[in-house]
Amino acid sequence: MNEVKEALRNIERNYKLFLQQQFTFIGALQHTRENAHDMIRPVASISQVQSYMDHHCNSSTDRRILNMFLNICNDLSKLCHKLETTHSGNTITNGILERCKLLLSHNHDLSTIRAKYPHDVVNHLSCDEAKNHYGGVVSLIPIVLDCMKEWVTHTEKLPQDVLHN
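Residues numbered from 1 in each chain as written. Predicted model: local features only at pLDDT ≥ 70, side-chain atom pairs only at ≥ 80, totals over all residues. Heavy atoms only, no water.

The name given to the protein in an unreviewed UniProt entry is Sperm acrosome associated 9, and the organism recorded there is Strix occidentalis caurina.

1. Examining the overall build of the protein
We count it as follows: Numbering of helices and strands runs from the N terminus, with a helix taken as a DSSP run of H or I at least four residues long and a strand as a DSSP run of E at least two residues long. For the exposure calls, accessible area comes from a 1.4 Å probe over protein chains only, and a residue counts as buried if that area is under 20% of its type's maximum, exposed if over 50%, partly exposed in between. Pairs of residues are marked as contacts when any of their non-hydrogen atoms sit within 4.5 Å. In these tables, accessible area is a Shrake-Rupley quantity obtained with a 1.4 Å probe, and a residue counts as shielded only by the protein chains included in the view.
Secondary structure summary: the protein contains eight helices and zero strands in total. Taking all 165 residues of the protein together, 43% fall into the buried category. Looking at the protein alone, contacts between residues at least 24 apart form 72% of all its contacts between residues at least 6 apart. When the accessible surface of the protein is split by element, carbon and sulfur atoms take 53% of a total near 8,800 Å².

2. A short note on the pattern of salt bridges
The line we're drawing: The salt bridge criterion pairs a side-chain nitrogen of Lys or Arg with a carboxyl oxygen of Asp or Glu, the two atoms within 4 Å.
In the structure shown here, the tally under the stated rule is seven salt bridges. Two residues, Arg9 and Glu6, come together in a salt bridge whose shortest N-O distance is 2.8 Å. Pair noted here: Arg9 and Glu6 are both in helix H1 (residues 2-19), with a separation of three residues, about one helical turn. The exposure class assigned to Glu6 is partly exposed, which follows from its relative accessible area of 34%. One network of salt bridges, with partners in common, ties together Glu84, Glu98 and Lys101.

3. Things to note about the packing of helix H5 (residues 91-104) against helix H7 (residues 135-157)
Our working definition: Between N-to-C directions, angles cover 0 to 180 degrees, with each direction set by a line fitted to C-alpha atoms, over the stretch in contact for helices. When an angle is under 35 degrees it counts as roughly parallel; over 145 it counts as roughly antiparallel; between 65 and 115 it counts as roughly perpendicular; any other value is oblique. Note on convention: near helix rotated counterclockwise from far helix by under a right angle means a left-handed crossing. Clockwise means right-handed. Charged means Asp, Glu, Lys or Arg here, nonpolar means Ala, Val, Leu, Ile, Met, Phe, Trp, Tyr, Cys or Pro, and polar covers whatever is left, Gly included.
H7 packs onto H5 with a crossing angle of 165 degrees between their chain directions and a minimal axis gap of 9 Å. By the angle between their directions, the pair H5 and H7 is classed as roughly antiparallel. Like other packed secondary-structure pairs, H5 and H7 cross with a definite hand, here left-handed. Of the residues in H7, those touching H5 at Ile92, Thr93, Ile96, Leu97, Arg99, Cys100, Leu103 and Leu104 are Leu140, Ile143, Val144, Cys147, Met148, Glu150, Trp151, His154 and Thr155. When its residues are assigned to classes, the contact of H5 with H7 shows twelve nonpolar, three polar and two charged.

4. Thoughts on the nonpolar core
We apply this condition: Think of a nonpolar core as a cluster: buried Ala, Val, Leu, Ile, Met, Phe, Trp, Tyr and Cys residues, connected wherever their side-chain atoms sit within 4.5 Å.
Ranked by internal contacts, the top residues of the largest apolar core, which has 46 residues, are Phe25, Leu29, Phe69, Leu76, Val137, Leu140 and Met148. Counting only elements with at least two residues in this core, the list comes to H1, helix H2 (22-35), helix H3 (46-56), helix H4 (60-86), H5 and H7. Contact partners of Leu29, with chain neighbours within four places excluded, come to Val43, Val49, Tyr52, Leu66, Tyr134 and Val137.

5. Looking at the packing of aromatic side chains
The following threshold applies: Note on aromatic pairs: the rings of Phe, Tyr and Trp (six-membered ring only in Trp) are paired at centre separations within 6.5 Å, and the planes decide the class, stacked below 30 degrees, edge-to-face beyond 60, tilted for the rest.
A full pass over the atoms with the stated rule returns four aromatic pairs. For the ring pair Phe18 and Phe25, a centre distance of 4.9 Å and an interplane angle of 65 degrees mean the geometry is edge-to-face. The pair Phe18 / Phe25 is uniform in exposure class, with both members buried. The rings of Tyr15, Phe18, Phe25 and Phe69 are connected pair by pair, giving a single aromatic cluster.

6. Quick notes on the state of the cysteines
To keep it simple, the criterion reads: We call a pair of cysteine sulfur atoms a disulfide when they lie within 2.5 Å.
Under the defined criterion, the tally for this structure stands at zero disulfides. Counting only cysteine sulfurs, Cys100 is the nearest neighbor of Cys80, a cysteine outside any disulfide, at a range of 4.5 Å. Here Cys147 is not cross-linked by a disulfide; its sulfur's nearest cysteine counterpart is in Cys100, at 4.3 Å. Residue Cys147 is classed as buried on the basis of its relative accessible area of 6%.

Take a look at the structure:
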């Protein structure tokens, strides 16, 4: 369990660095959407961010921040997979992992998810950006991190024999 907590702390540390650069991230999404001539539909999936970076990114700064987002998502996905294979849980913990896996699947539509208090990532966007373009993609990481912390809390409450089967 300590290994899981350490991995989660490392991801949170990377996310805090990323969060300090949220405006750069939004700018990078804006630039790549313009280059892709894709200004109407919202940024709604991890694969869409990946595609923008791979095919429509002209700036090293934009590439760096988009890559940072994708790396954090990838780290969360790896941790999710590790938890699933190394810790048997109960219906609650398994349900939390399934939610994380769904949110982190590359083609899952994120356009309707929004991070809630205490996360203020959506508050930093203009109303139009929050409602129509980036609210889901900026909400993904804080929501998954919350789910992972919830998983840790529930797993620590399980009897030890359940964890090691």
